[in-house]
Amino acid sequence: MYDCIIVGAGPAGGTAAYHLAKQGHSVLILEKASLPRYRPSGGAVSPAIAQWFDFDLAPTISMKVDRVRYTLKNKDPVEVELETAEPMWMVKRDTLDRFLVQQAQDKGAELRDNTTVTGIEFKGDSWQVNTTGEAVVGRYLIGADGPTGSMAKWLKLKPAKTRLAAALEVPASNPEPAIGFEMGLVKNGFIWSFPKADGYSLGAATMLGGDSKKLPSILTDYAGKIGLDVKAAKSYEHSVTLWNGDRTLHSQNALLAGDAAGVADPFTAEGVRPSIYTGMKAAEAISMALKGQGDALAEYTQVIKDTWGSEMVWAGRLAGAFFRFPGIGYKVGVKQPIATQLMLKILCGENQYSKLVGRATKRLSGGLF
Ligand SMILES: Cc1cc2nc3c(=O)[nH]c(=O)nc-3n(C[C@H](O)[C@H](O)[C@H](O)COP(=O)(O)OP(=O)(O)OC[C@H]3O[C@@H](n4cnc5c(N)ncnc54)[C@H](O)[C@@H]3O)c2cc1C
(Lines give C-alpha, C1' and ligand atoms only; values in the text may rest on other atoms or scores of the structure.)
Protein backbone atom coordinates (compact mmCIF):
# COMPACT_ATOMS: atom_id res chain seq x y z
CA MET A 1 0.00 0.00 0.00
CA TYR A 2 1.55 3.30 -1.13
CA ASP A 3 0.63 6.61 0.48
CA CYS A 4 0.17 8.04 -3.00
CA ILE A 5 0.15 6.72 -6.56
CA ILE A 6 0.85 9.26 -9.28
CA VAL A 7 -0.26 8.59 -12.85
CA GLY A 8 2.03 10.35 -15.34
CA ALA A 9 5.72 11.33 -15.16
CA GLY A 10 5.54 14.78 -16.78
CA PRO A 11 6.41 17.96 -14.85
CA ALA A 12 3.22 17.75 -12.76
CA GLY A 13 3.75 14.12 -11.75
CA GLY A 14 7.51 14.43 -11.21
CA THR A 15 7.07 17.52 -9.03
CA ALA A 16 4.29 15.98 -6.95
CA ALA A 17 6.39 12.83 -6.46
CA TYR A 18 9.42 14.86 -5.36
CA HIS A 19 7.54 16.91 -2.78
CA LEU A 20 5.65 13.93 -1.36
CA ALA A 21 8.75 11.73 -1.16
CA LYS A 22 10.66 14.57 0.50
CA GLN A 23 8.00 14.62 3.22
CA GLY A 24 8.72 10.93 3.84
CA HIS A 25 5.59 9.56 2.14
CA SER A 26 5.72 6.38 0.05
CA VAL A 27 5.12 7.23 -3.60
CA LEU A 28 4.73 5.23 -6.79
CA ILE A 29 4.85 6.91 -10.21
CA LEU A 30 3.23 5.02 -13.10
CA GLU A 31 4.19 6.10 -16.62
CA LYS A 32 3.13 4.48 -19.87
CA ALA A 33 6.20 5.61 -21.84
CA SER A 34 9.76 4.51 -21.32
CA LEU A 35 11.76 7.33 -19.68
CA PRO A 36 13.32 9.53 -20.86
CA ARG A 37 10.57 10.12 -23.43
CA TYR A 38 10.14 12.78 -26.12
CA ARG A 39 7.23 15.13 -25.37
CA PRO A 40 6.18 17.63 -28.08
CA SER A 41 6.60 20.99 -26.34
CA GLY A 42 8.38 24.25 -27.10
CA GLY A 43 10.35 23.84 -23.91
CA ALA A 44 10.33 27.55 -23.07
CA VAL A 45 10.20 27.51 -19.31
CA SER A 46 9.91 30.34 -16.84
CA PRO A 47 12.87 30.60 -14.46
CA ALA A 48 10.21 31.22 -11.77
CA ILE A 49 9.96 27.43 -11.35
CA ALA A 50 13.29 27.48 -9.45
CA GLN A 51 11.52 28.84 -6.33
CA TRP A 52 9.60 25.55 -5.96
CA PHE A 53 12.64 23.27 -5.70
CA ASP A 54 15.57 23.03 -3.32
CA PHE A 55 17.90 21.60 -5.98
CA ASP A 56 19.62 23.23 -8.93
CA LEU A 57 17.80 22.96 -12.27
CA ALA A 58 20.86 24.07 -14.28
CA PRO A 59 21.49 20.57 -15.74
CA THR A 60 18.12 20.75 -17.49
CA ILE A 61 18.70 24.07 -19.28
CA SER A 62 19.72 23.73 -22.91
CA MET A 63 20.00 27.48 -23.49
CA LYS A 64 19.13 30.80 -21.82
CA VAL A 65 17.57 33.43 -24.06
CA ASP A 66 17.07 37.14 -23.48
CA ARG A 67 16.01 38.30 -26.95
CA VAL A 68 12.56 38.07 -28.54
CA ARG A 69 11.61 38.78 -32.14
CA TYR A 70 7.99 39.32 -33.18
CA THR A 71 6.61 39.45 -36.72
CA LEU A 72 3.15 40.04 -38.14
CA LYS A 73 2.60 37.80 -41.19
CA ASN A 74 6.37 37.58 -41.57
CA LYS A 75 6.68 41.38 -41.76
CA ASP A 76 7.13 44.37 -39.48
CA PRO A 77 9.70 42.74 -37.15
CA VAL A 78 10.00 43.98 -33.58
CA GLU A 79 13.02 43.00 -31.47
CA VAL A 80 12.96 43.21 -27.70
CA GLU A 81 15.75 42.60 -25.19
CA LEU A 82 14.44 40.99 -22.04
CA GLU A 83 14.98 43.12 -18.96
CA THR A 84 14.08 40.41 -16.48
CA ALA A 85 16.42 39.37 -13.66
CA GLU A 86 16.88 35.94 -15.27
CA PRO A 87 16.49 35.10 -19.00
CA MET A 88 13.93 32.56 -20.25
CA TRP A 89 15.06 28.95 -20.02
CA MET A 90 14.93 26.66 -23.04
CA VAL A 91 14.73 23.04 -21.93
CA LYS A 92 14.39 19.71 -23.68
CA ARG A 93 11.44 18.03 -22.13
CA ASP A 94 12.93 14.54 -22.12
CA THR A 95 15.77 15.96 -19.98
CA LEU A 96 13.65 18.12 -17.65
CA ASP A 97 10.96 15.51 -17.03
CA ARG A 98 13.49 12.72 -16.40
CA PHE A 99 15.49 14.98 -14.10
CA LEU A 100 12.48 15.80 -11.91
CA VAL A 101 11.54 12.13 -11.61
CA GLN A 102 15.15 11.26 -10.77
CA GLN A 103 15.11 13.82 -7.94
CA ALA A 104 11.94 12.18 -6.64
CA GLN A 105 13.54 8.72 -6.90
CA ASP A 106 16.56 10.02 -4.98
CA LYS A 107 14.14 10.91 -2.15
CA GLY A 108 12.68 7.39 -2.23
CA ALA A 109 9.87 7.54 -4.81
CA GLU A 110 9.42 4.42 -6.95
CA LEU A 111 9.02 4.62 -10.74
CA ARG A 112 7.40 2.05 -13.00
CA ASP A 113 7.66 3.23 -16.57
CA ASN A 114 6.42 1.22 -19.56
CA THR A 115 3.33 0.76 -17.42
CA THR A 116 -0.04 2.03 -18.62
CA VAL A 117 -2.83 2.60 -16.13
CA THR A 118 -5.97 0.93 -17.49
CA GLY A 119 -8.50 1.72 -14.78
CA ILE A 120 -9.03 2.60 -11.11
CA GLU A 121 -11.36 1.24 -8.41
CA PHE A 122 -12.04 2.73 -4.97
CA LYS A 123 -12.11 -0.07 -2.41
CA GLY A 124 -13.30 1.18 0.97
CA ASP A 125 -10.43 3.45 1.94
CA SER A 126 -7.90 3.14 -0.87
CA TRP A 127 -7.51 3.05 -4.64
CA GLN A 128 -6.71 -0.05 -6.61
CA VAL A 129 -4.93 1.03 -9.78
CA ASN A 130 -5.08 -1.47 -12.63
CA THR A 131 -2.19 -1.41 -15.07
CA THR A 132 -0.74 -3.35 -17.96
CA GLY A 133 1.49 -4.90 -15.28
CA GLU A 134 0.23 -5.88 -11.84
CA ALA A 135 -2.48 -3.93 -9.97
CA VAL A 136 -1.20 -1.64 -7.20
CA VAL A 137 -2.90 -0.01 -4.20
CA GLY A 138 -2.54 3.49 -2.77
CA ARG A 139 -4.40 5.60 -0.19
CA TYR A 140 -4.33 8.65 -2.46
CA LEU A 141 -4.08 9.22 -6.20
CA ILE A 142 -2.82 12.09 -8.34
CA GLY A 143 -3.95 12.22 -11.97
CA ALA A 144 -1.06 13.90 -13.79
CA ASP A 145 -1.67 12.07 -17.05
CA GLY A 146 -1.56 15.06 -19.36
CA PRO A 147 -4.05 16.54 -21.81
CA THR A 148 -5.57 13.29 -23.12
CA GLY A 149 -5.31 11.05 -20.07
CA SER A 150 -8.37 9.25 -18.65
CA MET A 151 -7.91 10.04 -14.95
CA ALA A 152 -10.33 13.00 -14.91
CA LYS A 153 -13.04 10.87 -16.51
CA TRP A 154 -12.37 7.91 -14.21
CA LEU A 155 -12.56 10.22 -11.17
CA LYS A 156 -15.86 11.61 -12.52
CA LEU A 157 -14.34 15.08 -12.78
CA LYS A 158 -14.86 17.31 -15.79
CA PRO A 159 -12.06 16.56 -18.30
CA ALA A 160 -10.20 19.63 -19.58
CA LYS A 161 -11.04 20.74 -23.13
CA THR A 162 -8.28 19.80 -25.57
CA ARG A 163 -7.20 21.22 -28.89
CA LEU A 164 -4.51 20.11 -31.29
CA ALA A 165 -1.20 21.94 -31.61
CA ALA A 166 1.53 21.29 -34.17
CA ALA A 167 5.21 20.95 -33.36
CA LEU A 168 8.24 20.87 -35.64
CA GLU A 169 11.72 19.96 -34.40
CA VAL A 170 14.36 21.41 -36.72
CA PRO A 171 17.98 20.34 -36.13
CA ALA A 172 20.51 23.17 -36.56
CA SER A 173 24.05 23.91 -35.53
CA ASN A 174 24.55 27.21 -33.64
CA PRO A 175 20.89 28.25 -33.43
CA GLU A 176 20.35 31.96 -32.91
CA PRO A 177 19.65 32.58 -29.21
CA ALA A 178 16.35 34.41 -29.78
CA ILE A 179 12.72 33.48 -29.24
CA GLY A 180 10.43 34.06 -32.23
CA PHE A 181 6.70 34.82 -32.13
CA GLU A 182 4.79 35.12 -35.41
CA MET A 183 1.29 36.62 -35.24
CA GLY A 184 -1.30 36.62 -37.98
CA LEU A 185 -0.35 33.52 -40.02
CA VAL A 186 -2.44 31.25 -37.78
CA LYS A 187 -6.07 32.30 -37.45
CA ASN A 188 -6.98 32.83 -33.77
CA GLY A 189 -3.50 31.78 -32.68
CA PHE A 190 0.20 32.13 -33.24
CA ILE A 191 3.50 30.42 -34.14
CA TRP A 192 6.48 30.18 -31.81
CA SER A 193 10.12 29.27 -32.36
CA PHE A 194 12.29 28.35 -29.37
CA PRO A 195 16.01 27.64 -29.83
CA LYS A 196 17.84 24.78 -28.14
CA ALA A 197 21.56 23.98 -28.19
CA ASP A 198 21.05 21.69 -31.21
CA GLY A 199 18.09 23.13 -33.09
CA TYR A 200 14.74 24.88 -32.92
CA SER A 201 11.39 23.74 -31.51
CA LEU A 202 8.64 25.37 -33.52
CA GLY A 203 4.98 25.17 -32.68
CA ALA A 204 1.61 26.53 -33.70
CA ALA A 205 -1.76 26.54 -31.98
CA THR A 206 -5.17 28.12 -32.34
CA MET A 207 -5.90 29.70 -28.97
CA LEU A 208 -9.57 30.52 -29.55
CA GLY A 209 -10.41 27.32 -31.42
CA GLY A 210 -10.75 26.82 -35.14
CA ASP A 211 -9.25 24.68 -37.83
CA SER A 212 -6.07 22.93 -36.63
CA LYS A 213 -5.70 20.63 -39.66
CA LYS A 214 -3.55 23.11 -41.57
CA LEU A 215 -1.19 23.85 -38.69
CA PRO A 216 1.56 21.35 -39.66
CA SER A 217 1.82 22.71 -43.22
CA ILE A 218 1.63 26.35 -42.05
CA LEU A 219 4.48 25.58 -39.64
CA THR A 220 6.70 23.92 -42.24
CA ASP A 221 6.12 26.80 -44.68
CA TYR A 222 6.98 29.29 -41.97
CA ALA A 223 10.18 27.41 -41.03
CA GLY A 224 11.28 27.52 -44.67
CA LYS A 225 10.47 31.24 -44.93
CA ILE A 226 12.63 32.14 -41.93
CA GLY A 227 15.52 30.26 -43.52
CA LEU A 228 15.54 26.99 -41.57
CA ASP A 229 16.58 23.80 -43.32
CA VAL A 230 13.52 21.57 -42.87
CA LYS A 231 14.90 18.48 -44.69
CA ALA A 232 15.72 16.69 -41.42
CA ALA A 233 12.85 18.25 -39.44
CA LYS A 234 10.38 16.06 -37.57
CA SER A 235 6.72 16.98 -37.36
CA TYR A 236 4.35 16.11 -34.48
CA GLU A 237 0.84 16.87 -33.33
CA HIS A 238 -0.13 16.92 -29.69
CA SER A 239 -3.06 18.13 -27.63
CA VAL A 240 -3.00 21.19 -25.42
CA THR A 241 -5.49 21.95 -22.67
CA LEU A 242 -5.91 25.66 -22.13
CA TRP A 243 -7.48 27.04 -18.94
CA ASN A 244 -11.13 27.81 -19.65
CA GLY A 245 -12.62 28.30 -16.22
CA ASP A 246 -12.09 27.00 -12.72
CA ARG A 247 -12.96 23.37 -12.19
CA THR A 248 -13.20 20.94 -9.32
CA LEU A 249 -9.83 19.24 -9.05
CA HIS A 250 -10.50 16.87 -6.15
CA SER A 251 -12.55 13.78 -5.64
CA GLN A 252 -12.53 10.87 -3.18
CA ASN A 253 -8.86 10.56 -2.08
CA ALA A 254 -7.68 11.93 -5.43
CA LEU A 255 -6.51 15.11 -7.16
CA LEU A 256 -5.75 16.28 -10.69
CA ALA A 257 -2.64 18.31 -11.58
CA GLY A 258 -1.02 19.79 -14.69
CA ASP A 259 -2.67 19.45 -18.10
CA ALA A 260 -5.10 16.92 -16.64
CA ALA A 261 -6.34 19.84 -14.52
CA GLY A 262 -6.50 22.16 -17.56
CA VAL A 263 -4.18 24.83 -16.18
CA ALA A 264 -2.15 25.97 -19.23
CA ASP A 265 -2.22 29.70 -19.96
CA PRO A 266 -4.87 30.52 -22.62
CA PHE A 267 -2.84 33.48 -23.92
CA THR A 268 0.65 31.95 -24.20
CA ALA A 269 0.00 28.15 -23.96
CA GLU A 270 2.57 28.09 -21.14
CA GLY A 271 1.91 24.82 -19.33
CA VAL A 272 5.10 23.70 -17.63
CA ARG A 273 5.10 26.32 -14.87
CA PRO A 274 1.44 25.76 -13.87
CA SER A 275 1.96 21.99 -14.10
CA ILE A 276 4.86 22.21 -11.68
CA TYR A 277 2.93 24.60 -9.43
CA THR A 278 -0.15 22.37 -9.29
CA GLY A 279 2.04 19.28 -8.81
CA MET A 280 3.64 20.93 -5.79
CA LYS A 281 0.31 22.11 -4.36
CA ALA A 282 -1.22 18.65 -4.91
CA ALA A 283 1.65 17.11 -2.95
CA GLU A 284 1.14 19.60 -0.11
CA ALA A 285 -2.58 18.81 0.00
CA ILE A 286 -2.10 15.05 0.04
CA SER A 287 0.60 15.31 2.68
CA MET A 288 -1.87 17.27 4.86
CA ALA A 289 -4.61 14.72 4.18
CA LEU A 290 -2.26 11.88 5.16
CA LYS A 291 -1.64 13.75 8.41
CA GLY A 292 -5.40 13.85 9.06
CA GLN A 293 -6.60 17.21 7.67
CA GLY A 294 -10.08 16.28 6.43
CA ASP A 295 -10.62 19.21 4.05
CA ALA A 296 -7.11 19.29 2.53
CA LEU A 297 -8.18 18.05 -0.91
CA ALA A 298 -11.11 20.48 -1.22
CA GLU A 299 -8.74 23.23 -0.15
CA TYR A 300 -6.46 22.32 -3.09
CA THR A 301 -9.25 23.12 -5.58
CA GLN A 302 -9.81 26.43 -3.80
CA VAL A 303 -6.09 27.33 -3.66
CA ILE A 304 -5.61 26.71 -7.40
CA LYS A 305 -8.71 28.79 -8.13
CA ASP A 306 -7.57 31.68 -5.90
CA THR A 307 -3.98 31.76 -7.17
CA TRP A 308 -3.47 30.48 -10.73
CA GLY A 309 -7.16 30.55 -11.72
CA SER A 310 -7.62 34.20 -10.76
CA GLU A 311 -4.67 35.10 -13.03
CA MET A 312 -5.94 32.94 -15.90
CA VAL A 313 -9.26 34.81 -15.99
CA TRP A 314 -7.24 37.82 -17.14
CA ALA A 315 -5.10 35.79 -19.53
CA GLY A 316 -8.30 34.47 -21.13
CA ARG A 317 -9.66 38.01 -21.56
CA LEU A 318 -6.41 39.15 -23.12
CA ALA A 319 -6.41 36.16 -25.50
CA GLY A 320 -9.98 36.95 -26.56
CA ALA A 321 -9.11 40.56 -27.34
CA PHE A 322 -5.70 39.91 -28.94
CA PHE A 323 -6.17 36.87 -31.17
CA ARG A 324 -9.44 38.07 -32.72
CA PHE A 325 -7.70 41.18 -34.04
CA PRO A 326 -3.97 40.42 -34.14
CA GLY A 327 -3.23 43.44 -36.36
CA ILE A 328 -4.55 45.81 -33.71
CA GLY A 329 -2.95 43.78 -30.91
CA TYR A 330 0.34 44.05 -32.74
CA LYS A 331 0.08 47.81 -33.12
CA VAL A 332 -1.09 48.73 -29.62
CA GLY A 333 0.63 45.87 -27.79
CA VAL A 334 3.64 44.22 -29.38
CA LYS A 335 4.98 47.44 -30.91
CA GLN A 336 4.91 49.23 -27.55
CA PRO A 337 8.19 48.43 -25.78
CA ILE A 338 6.62 48.79 -22.32
CA ALA A 339 3.83 46.30 -23.16
CA THR A 340 6.23 43.60 -24.36
CA GLN A 341 8.51 44.07 -21.35
CA LEU A 342 5.52 43.67 -19.02
CA MET A 343 4.36 40.57 -20.91
CA LEU A 344 7.82 39.02 -20.78
CA LYS A 345 7.95 39.72 -17.05
CA ILE A 346 4.72 37.75 -16.69
CA LEU A 347 6.32 34.83 -18.56
CA CYS A 348 9.35 35.03 -16.26
CA GLY A 349 7.11 35.13 -13.19
CA GLU A 350 8.06 38.71 -12.26
CA ASN A 351 4.67 40.29 -12.98
CA GLN A 352 1.00 39.30 -13.01
CA TYR A 353 -1.77 39.52 -15.59
CA SER A 354 -4.09 41.03 -13.00
CA LYS A 355 -1.83 44.08 -12.86
CA LEU A 356 -1.47 44.43 -16.64
CA VAL A 357 -4.59 43.32 -18.43
CA GLY A 358 -7.09 46.04 -17.44
CA ARG A 359 -4.77 48.58 -19.07
CA ALA A 360 -4.02 46.35 -22.07
CA THR A 361 -7.67 45.57 -22.95
CA LYS A 362 -8.45 49.31 -22.70
CA ARG A 363 -5.69 49.98 -25.25
CA LEU A 364 -6.98 47.19 -27.50
CA SER A 365 -10.56 48.49 -27.39
CA GLY A 366 -9.21 52.03 -27.83
CA GLY A 367 -7.59 50.77 -31.04
CA LEU A 368 -10.85 49.18 -32.11
CA PHE A 369 -13.41 51.91 -31.55
C1 LIG B 1 3.29 21.67 -29.22
C2 LIG B 1 3.30 22.12 -27.77
C3 LIG B 1 4.23 23.06 -27.36
C4 LIG B 1 4.26 23.49 -26.03
N5 LIG B 1 5.20 24.38 -25.63
C6 LIG B 1 5.29 24.76 -24.35
C7 LIG B 1 6.32 25.64 -23.93
O8 LIG B 1 7.19 26.04 -24.70
N9 LIG B 1 6.35 26.01 -22.62
C10 LIG B 1 5.42 25.57 -21.72
O11 LIG B 1 5.48 25.95 -20.54
N12 LIG B 1 4.44 24.72 -22.09
C13 LIG B 1 4.35 24.30 -23.38
N14 LIG B 1 3.38 23.41 -23.76
C15 LIG B 1 2.45 22.88 -22.74
C16 LIG B 1 3.17 21.82 -21.88
O17 LIG B 1 3.87 20.92 -22.70
C18 LIG B 1 2.18 21.06 -21.00
O19 LIG B 1 1.34 21.97 -20.32
C20 LIG B 1 2.90 20.16 -19.98
O21 LIG B 1 3.66 19.19 -20.65
C22 LIG B 1 1.91 19.47 -19.07
O23 LIG B 1 2.63 18.68 -18.16
P24 LIG B 1 1.92 17.46 -17.41
O25 LIG B 1 2.90 16.92 -16.45
O26 LIG B 1 0.59 17.87 -16.91
O27 LIG B 1 1.59 16.40 -18.57
P28 LIG B 1 2.54 15.67 -19.66
O29 LIG B 1 3.82 16.38 -19.80
O30 LIG B 1 1.70 15.49 -20.85
O31 LIG B 1 2.82 14.27 -18.98
C32 LIG B 1 1.77 13.34 -18.79
C33 LIG B 1 2.37 11.95 -18.75
O34 LIG B 1 1.33 11.02 -18.43
C35 LIG B 1 1.58 9.83 -19.16
N36 LIG B 1 0.32 9.08 -19.24
C37 LIG B 1 -0.82 9.43 -19.89
N38 LIG B 1 -1.77 8.48 -19.72
C39 LIG B 1 -1.22 7.50 -18.96
C40 LIG B 1 -1.69 6.26 -18.46
N41 LIG B 1 -2.95 5.82 -18.70
N42 LIG B 1 -0.86 5.51 -17.71
C43 LIG B 1 0.41 5.92 -17.45
N44 LIG B 1 0.92 7.10 -17.89
C45 LIG B 1 0.11 7.88 -18.64
C46 LIG B 1 2.08 10.33 -20.51
O47 LIG B 1 2.82 9.33 -21.19
C48 LIG B 1 2.95 11.51 -20.09
O49 LIG B 1 4.31 11.17 -19.93
C50 LIG B 1 3.32 22.97 -25.09
C51 LIG B 1 2.38 22.01 -25.50
C52 LIG B 1 2.38 21.58 -26.84
C53 LIG B 1 1.40 20.53 -27.27
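About the criteria used
Residues numbered from 1 in each chain as written. Predicted model: local features only at pLDDT ≥ 70, side-chain atom pairs only at ≥ 80, totals over all residues. Heavy atoms only, no water. Helix = DSSP H or I, 4+ residues; strand = E, 2+ residues; numbered from the N terminus. Rg over C-alpha atoms; globule rule 2.2 N^0.38 Å. Buried < 20%, exposed > 50% of the residue type's maximum accessible area, 1.4 Å probe, protein only. Contact = heavy atoms within 4.5 Å. Areas by Shrake-Rupley, 256 points an atom, 1.4 Å probe, with all protein chains shown as cover. Lys, Arg positive; Asp, Glu negative; His and termini not counted. Charge placed at Lys NZ, Arg CZ, Asp CG, Glu CD. Pairing = 2+ DSSP bridges.

Colleague: Quick rundown of the overall build of the chain? Include the residues and the values.
Modeller: Check the secondary structure of the chain and you find nine helices and 18 strands. In terms of C-alpha radius of gyration, the chain reaches 20 Å, essentially the compact-globule figure of 21 Å for 369 residues. Projected onto its principal axes, the C-alpha positions of the chain cover 60 × 45 × 40 Å. Scored against the burial criterion, the 369 residues of the chain give a buried share of 56%. Pairs at least 24 residues apart make up 72% of the contacts formed inside the chain by residues separated by at least 6 positions. A total accessible area of about 15400 Å² is found for the chain, and carbon and sulfur atoms account for 51% of it. In the chain, 42 side chains carry a positive charge and 37 a negative one; their mean positions are 7 Å apart.

Colleague: Mind laying out the side chain of Ser 239, listing which residues take part and the relevant values?
Modeller: Along the polypeptide, Ser 239 turns up in strand β16 (residues 234-241). Overall, the relative accessible area of 14% leaves Ser 239 in the buried class. For Ser 239, the contacting residues outside a window of four places in its chain are Pro 147, Thr 148, Thr 162, Arg 163 and Leu 164.

Colleague: Break down the pairing of strand β1 (residues 2-7) for me, with residues and values.
Modeller: Burial analysis of β1 places six of its six residues in the buried class, which makes it a mostly covered element. Alignment of β1 against strand β11 (residues 136-143), held across five bridges, turns out to be parallel. Its bridge partner being in β11, Ile 5 is matched across the sheet by Leu 141. Summarising the sheet, β1 and strand β2 (residues 27-30) pair through four bridges and their orientation is parallel. Following the sheet pairing, Val 7 is matched in β2 by Leu 30.

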